[in-house]
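In case you want the letters, here they are:
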Number of protein chains: 2
Amino acid sequence: MDRIDRKLSNLTCIQCREEYPVQPFRYTCDCGGNLDYVFDYDYINSIWKKENLDKTAMDSVWRYLPLLPVNESPENINIRVGATPLIEFPNIAKELHFNQLYIKDDTRNPSGSLKDRASEIAIQHAKELGDNLLIAASTGNAAASLACLSAFHGVKALILAPDSAPIAKLTQILQYGAKLLPVNGSYDDAFDLSFELTKRYGWYSRNTGINPVMSEGKKTIAFEIAEQLNWISPDQIYVPVGDGCIIGAVYKGFYDLLKLGWISKIPALVAVQSENSAAVVNALESGGEIIPVKSNTIADSISVDLPRDGEKALAAVRHSNGFGILVSDEEILQAQLIMSSSTSIFCEPASAAAYAGMLKAAKENRISNLDNIVVLATGTGLKDISSAAKNVQIPVSVSPNIESAEKSLKELIH
Amino acid sequence: MDRIDRKLSNLTCIQCREEYPVQPFRYTCDCGGNLDYVFDYDYINSIWKKENLDKTAMDSVWRYLPLLPVNESPENINIRVGATPLIEFPNIAKELHFNQLYIKDDTRNPSGSLKDRASEIAIQHAKELGDNLLIAASTGNAAASLACLSAFHGVKALILAPDSAPIAKLTQILQYGAKLLPVNGSYDDAFDLSFELTKRYGWYSRNTGINPVMSEGKKTIAFEIAEQLNWISPDQIYVPVGDGCIIGAVYKGFYDLLKLGWISKIPALVAVQSENSAAVVNALESGGEIIPVKSNTIADSISVDLPRDGEKALAAVRHSNGFGILVSDEEILQAQLIMSSSTSIFCEPASAAAYAGMLKAAKENRISNLDNIVVLATGTGLKDISSAAKNVQIPVSVSPNIESAEKSLKELIH
């Protein structure tokens, strides 16, 4: 267990800039805006050196404790949240006419998604506040992640999910031993109910958008990318955007490192959304505010009407000189197949959307030939086999003899 | 890319002890027995030191190149095969009255199973032999693994599978871009047909049991366990056994290290099988030969009539002073739920079988209170959600208001 002694950071509202001390911990500003942690970078710089970090192996998100809003790392960190591979694909980069392509493979986290980074920090934060029950509304990766890591760290998890959620996702939550409360209503109903319970019982909320600790956990993916590239920032990062929490967190991670003087620029962040769930990209293109949409995309993890962290997402793209890009469901499914077969990383449709966005940007000459590009693989395709099945064709079977096999093989093997 | 210059190892038949040079490479002995690699440990000891290894971070199976039957590591190893977490569970060990419990979490490999260790080495081996197409008969983890890593390393994979295989598994294979030949017959039909094609076309066979390189790849899990425990062997390792390749490989890995003088004992290897697929354990208990069974278990990855590496499995258990243990399908499903909820590692039924075997052995006092125990988690539960769903009960849903929620919560939260 590591411990950090420091002045506690403050919370600031990203809309009205009102500041709050972190004790007592609060979720949102009185104005309704989302809160963000503010760190004392001079102090962190005085106690923590990049040179010392470079000497140890990347083992988990906990190596970045001085930049996390908690006091200690957990006793047992061997479950290894984070420290995921950053894999280069020079041949694909060459084909697409830019310098280098990297995929950050966050499907390799304990529950199969990037969400583990947020759950891991949130559970430690809850423990430090004396909370032993975490509540979340979700039907997907966040729920599985909270259930998984709560089992590991010995806290209780309560998941509220619409009762129409797929059996596969509910099964994973129950296998991890989390308490599941199916709600006869929509995801928004479950979300509102979970927040009401949070307020009434004082339980710890692991809801994206409300709780600023989520961004702080997810930002560790930016630290890792920077460290894996020897503190030389890539030029663009393609991020799937639903509620906007991940892209906001990636920005925050690079912002921290820039403030510490460890990197010299923040990469351009590219927000990739489905055409059918485009609230953030619509706002980027109009230059105005976020207007809720009626979402309907095969990429369920980024199917969102009202992005709960939309403001942070807009700021991330605007301040990093990034842009938004939209892809169709057809492009997403095509990209999933291209990505699996050319990179070996089999992702859920939301991550394939980011890859589709990168392919589209390359085609539209929005990537220069000197650029180093990162695509985030945020969740494994194994959680949603039915979408993946839509895009492959199982060949006709052969009789179990070599003559029959050879006839089919002529078409199969070139 | 690393390269090793050494005298090439020999191949020896595990039944008649006939020796063969590795060039030209062959799969089986003239007597029909399976082959095994023999290394020159004195030479390896003269060029490779444990002390130097200890100074570098565990990054992949390729750190053990001097003990692998290939000359080079691939150009790109960032996909990270192996280097999986070994996680300790002191509370569970205490409850079960032994010293320490570790789970080796091989679900964290690129395609979600231990089989990636074998595929990774086999693909490099095929490349060194000038083969560009690998063929395998499988419906499960081995097929997904070969398809995945072939996509990464740019070789072709041809999978033969019975056309009755689940759509989910066939989908994963096709997503990775492998060529799939569904066979209108049994798994044994597909296996025989694949071997016939191997002989006719000279393609490289990634079939367990036939190709000794499979054991050599899988043995890296033993190297990692030993290294992660600072070269102090655990007392027992619980291994799910189907065809017997994995347990044979675990033995081989510890045998290598013992011969090098890096460890002082080989752990007792415990072969865990389903009651309904018990060919290896039957032979262990009778003291005789392996007699094929008619297998029928929910743990599909260890559902085997005739274990293709049965002789290696028997030798592994006997020479390590281990034992066999049988578990029922009901015990497997129960153990899956216990394991997921108490360790956070959600495994396929085959791996849960190993955990069930450990629980049973503890209950039957076959583990002493000073023992350090390792259980292998060989494949992720996400690949077989339907089995996992059989053992959980989705609660009745509530109306989206706090009164309705509170009524259900009283039962749910204690």
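Quick caveat, the model's predicted, so the values are computed rather than measured.

A.B. asks: Describe the sheet that holds strand E5 (residues 100-105) of chain B, and please don't skip the residues or the numbers.
C.D. replies: All names here are of chain B. Pairing within the open sheet is mixed, and its 6 strands lie in the order E4-E5-E13-E10-E11-E12. With one partner strand each, in any of the chains shown, strand E4 (86-88) and strand E12 (323-327) form the two edges of the open sheet. Neighbour-to-neighbour, the strand axes of the sheet open up by a mean angle of 25°, direction not taken into account. Across 6 bridges, E5 lies against strand E13 (residues 372-377) in parallel orientation. Looking at E13, one finds that Gln100 is bridged to Asn372. In this fold helix H12 (residues 310-319) packs onto strand E11 (268-274) and E12, with an angle of close to 135° to the strand it touches most, E11.

A.B. asks: With reference to specific residues and values, describe the interface of chain A and chain B.
C.D. replies: With 64 residues of chain A in contact, the opposing surface of chain B contributes 65 residues. Counting residues per element, the ones that place at least two in the side of chain A that touches chain B are strand E4 (86-88), helix H5 (141-153), helix H6 (167-175), strand E8 (179-183), helix H7 (187-201), helix H13 (329-343), helix H15 (385-389) and helix H16 (402-412) of chain A. With 7 residues, the single largest contributor to the side of chain A that touches chain B is H6(A). Classifying every residue of the side of chain A that touches chain B gives 37 nonpolar, 18 polar and 9 charged.

A.B. asks: I'd like to hear about the relation of the copies chain A and chain B, residue by residue, with values.
C.D. replies: Look at the two chain copies: a rotation about an axis and a shift along it is all it takes to match them. Between chain A and chain B, which share one sequence, the superposing operator has a rotation angle of 180° and an axial displacement of 0.0 Å; the RMSD is 0.0 Å. The superposition operator between the copies reduces to a two-fold rotation axis. In this assembly, 100% of the residues forming the interface of chain A have copies in chain B that are likewise at the interface, indicating an isologous arrangement.

A.B. asks: Break down helix H6 (residues 167-175) of chain B for me, citing the residues and quoting the values.
C.D. replies: With respect to burial, H6(B) is a largely interior element, 7 of its 9 residues being buried. Every buried residue belonging to H6(B) is among Lys169(B), Leu170(B), Thr171(B), Gln172(B), Ile173(B), Leu174(B) and Gln175(B), and all of these are buried. Those residues of H6(B) that are buried are in contact with H13 and H15 of chain A together with helix H5 (141-153), strand E7 (156-162) and strand E8 (179-183) of chain B. Once H6(B) ends, the next one or two residues include Gly177(B), with phi positive near 85°.

A.B. asks: Run through the sheet that holds strand E6 (residues 133-137) of chain B, naming residues and quoting values.
C.D. replies: All names here are of chain B. If you walk across this open sheet you meet the 4 strands as E8-E7-E6-E9, and the pairing is parallel. Both edges of this open sheet fall to E8 and strand E9 (204-205), since each of them pairs with a single strand only. Where E6 lies against E7, 5 bridges are found, and the strand directions are parallel. Note that in E7 the partner of Ala136 across the bridge is Ile159.

A.B. asks: Explain the nonpolar core to me, and be specific about the residues and the numbers.
C.D. replies: Within the largest apolar cluster, 259 residues are counted, with the highest numbers of intra-cluster contacts made by Val239(A) and Val239(B). Among all residues touching Val239(A), those that are not within four sequence positions of it are Ile246(A), Ile247(A), Val250(A), Leu269(A), Val270(A), Ala271(A), Val272(A), Ala354(A) and Leu376(A).

A.B. asks: Tell me about the packing of helix H11 (residues 279-286) of chain B against H12(B), and name the residues and values.
C.D. replies: Residues and elements named next belong to chain B. Two elements in contact, H11 and H12, have axes whose closest approach is 10 Å; the angle formed by their N-to-C orientations is 50°. With respect to H12, the axis of H11 lies oblique. Note that H11 runs across H12; the crossing there is right-handed. Contacts from Ala279, Val280, Ala283 and Leu284 in H11 reach Gly310, Ala313, Leu314 and Val317 in H12.

A.B. asks: Lay out the domain arrangement of chain A with the relevant residues and their values.
C.D. replies: All names here are of chain A. Each assigned domain of chain A is listed with its residue range as follows: domain 1 (86-111 + 214-389) and domain 2 (113-211). Between the C-alpha centres of domain 1 and domain 2 there is a distance of 24 Å. Of all the secondary structure elements, the ones that give two or more residues to the side of domain 1 that touches domain 2 are helix H8 (213-218), helix H9 (220-228) and helix H10 (245-260). It is H8 that contributes the most residues to the side of domain 1 that touches domain 2, 4 residues altogether.

A.B. asks: Describe the pairing of strand E10 (residues 236-240) of chain B, and please don't skip the residues or the numbers.
C.D. replies: All names here are of chain B. Here E10 lies mainly inside the structure; 5 of its 5 residues are buried. Along E10, one buried face is formed by Gln236, Tyr238 and Pro240 and the opposite face, lined by Ile237 and Val239, is buried too. With 5 bridges connecting them, E10 and E11 associate as parallel partners. Within E11, the residue paired with Val239 across the bridge is Ala271. Taken together, E10, helix H10 (residues 245-260) and E11 form a β-α-β motif whose crossover is right-handed.

A.B. asks: Quick rundown of H7(A)? Include the residues and the values.
C.D. replies: Every α-helix carries 3.6 residues per turn, so stepping three or four residues along brings you back to the same face. Residue and element names in this part refer to chain A. Taking 1.5 Å per residue, 15 residues should reach 21 Å; H7 reaches 21 Å between its end C-alpha atoms and fits that length. The set of residues buried in H7 consists of Tyr187, Ala190, Phe191, Leu193, Ser194, Leu197 and Thr198. Phi turns positive one or two residues past the end of H7, at Gly202, with a value near 70°.

Calculation rules
- Residues numbered from 1 in each chain as written.
- Chains lettered and ligands numbered in written order.
- Predicted model: local features only at pLDDT ≥ 70, side-chain atom pairs only at ≥ 80, totals over all residues.
- Pairing = 2+ DSSP bridges.
- Helix = DSSP H or I, 4+ residues; strand = E, 2+ residues; numbered from the N terminus.
- Axes fitted to C-alpha atoms, helices over the stretch in contact; angles between N-to-C directions.
- Contact = placed C-beta atoms within 7 Å.
- Nonpolar A, V, L, I, M, F, W, Y, C, P; charged D, E, K, R; others polar.
- Least-squares fit on C-alpha atoms with pLDDT ≥ 70 in both.
- Buried ≥ 20, exposed ≤ 12 C-beta atoms within 10 Å, placed from the backbone.
- Core = buried A, V, L, I, M, F, W, Y, C linked by C-beta atoms within 7 Å.
- Parallel < 35°, antiparallel > 145°, perpendicular 65-115°, else oblique.
- Left-handed = near helix turned anticlockwise from the far one by under 90°.
- Domains from an automatic or database assignment.
- Right-handed = clockwise from strand over helix to strand, strands pointing away.
- Expected span 1.5 Å × (residues − 1).

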